[in-house]
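Each chain, letter by letter, is given below.
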Amino acid sequence: MQRKWVIGLGNPGKKYESTRHNVGFRVLERLAKGLDVKIDKEKHQSLYVRTEVQGVQLTLIMPQTFMNLSGEAAAAWKRRDGLEPETELLVLYDDMDLPLGKLRFRLKGTAGSHNGMASLVELLGGTAFQRLRLGIGKPEDPALWADYVTQKFTPDEKPVLEDMLARAAQKTLAWVASESTGEKLVSEMNR
């Protein structure tokens, strides 16, 4: 049976659950609800659930290491469960370089200014893993960026956020079911 893993990035705990940095977790929660499963098992410094979707063994993972150490959990899944990042992994994470609501799928890439992604790149041993970037926008002043990602969305932003979470969950399921690779997959996912 084909295996795929989806890691959503975020910070554990009630304090962070509705913040901009936690949109990766929120997409996973939406996916789990739609699949009628709960992400409530513990393994490799993560909460996770394993289920089957269209003949694919799917593991949804929420690292509990805090954002900047997300790579520790991902590396444990690679080392102990045989995860092949280049072909079997999709990472969902917030991206300040995209406007709120914008989604962008990539086969690989740098971490940019995202510390959680930097941890994954370092501990997975490279940039060759698929990712779905979830746009959260950013303030113009770089001095505000660190606080911005740990803030909650404003009431005006919530409709755009909800639409983005729904589309990201749909695209993640499409990725799970897809047999496409390379640029064809990029084209399909970015439609």
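Before reading further, recall that the structure is shown in the block above.
In this text the structure is predicted, and so the values were computed from the model without any measurement.

A. Fine view of the pairing of strand β7 (residues 130-135). Burial within β7 is extensive, with six of its six residues counted as buried. Neither face of β7 is open: one carries Gln130, Leu132 and Leu134, the other Arg131, Arg133 and Gly135, and all of them are buried. Judged from the six bridges that link them, strand β5 (residues 89-95) and β7 form a sheet pairing that is parallel. When the bridges of β7 are listed, Asp94 appears paired with Leu134.

B. Quick look at helix α2 (residues 70-81). Relative to the 16 Å expected for 12 residues at 1.5 Å per residue, α2 spans 17 Å between its end C-alpha atoms, a close match to the ideal helical length. Among all positions of α2, only Ser70, Gly71, Ala73, Ala74, Ala75, Ala76, Trp77 and Asp81 are buried. Among the structural elements, β1 (2-8), β2 (41-43), β3 (46-53), β4 (56-63) and α4 (115-124) are those in contact with the buried residues of α2. Just beyond α2, the residue with positive phi is Gly82, at close to 80°.

C. Molecular detail of the nonpolar core. In terms of nonpolar packing, the biggest core is built from 35 residues, with Leu60 and Leu134 touching the most fellow members. If you list the elements that add at least two residues to this core, you get α1 (23-34), β3, β4, β5, β6 (103-106), β7, α6 (158-177) and α7 (182-189). No other element matches the seven residues that α6 contributes to this core. Other than its neighbours up to four places away in sequence, Leu134 contacts Val23, Gly24, Val27, Leu92, Tyr93, Asp94, Asp95, Lys102, Leu103, Met164 and Ala168. With 18 residues, the next largest nonpolar core counts Ala74, Tyr93, Ala111 and Leu124 among its residues.

D. Structural context of the pattern of salt bridges. Taken as a whole and assessed by the stated rule, the structure comprises nine salt bridges. In this structure, Glu162 engages Arg26 in a salt bridge whose closest nitrogen and oxygen atoms are separated by 3.5 Å. With a gap of 136 residues between them, Glu162 in helix α6 and Arg26 in helix α1 connect regions that are remote in the sequence. On the accessibility criterion, Glu162 (33% relative accessible area) is partly exposed. Overall, the relative accessible area of 18% leaves Arg26 in the buried class. Where Arg133 meets Asp95, a salt bridge forms, and the shortest distance between an N and an O atom there is 2.4 Å. Here Arg133 is found in strand β7, whereas its partner Asp95 is found in strand β5, with 38 residues between them in sequence.

What counts, and where the lines are drawn
Residues numbered from 1 in each chain as written. Predicted model: local features only at pLDDT ≥ 70, side-chain atom pairs only at ≥ 80, totals over all residues. Heavy atoms only, no water. Buried < 20%, exposed > 50% of the residue type's maximum accessible area, 1.4 Å probe, protein only. Helix = DSSP H or I, 4+ residues; strand = E, 2+ residues; numbered from the N terminus. Pairing = 2+ DSSP bridges. Expected span 1.5 Å × (residues − 1). Contact = heavy atoms within 4.5 Å. Core = buried A, V, L, I, M, F, W, Y, C linked by side-chain atoms within 4.5 Å. Salt bridge = Lys/Arg side-chain N within 4 Å of Asp/Glu carboxyl O.

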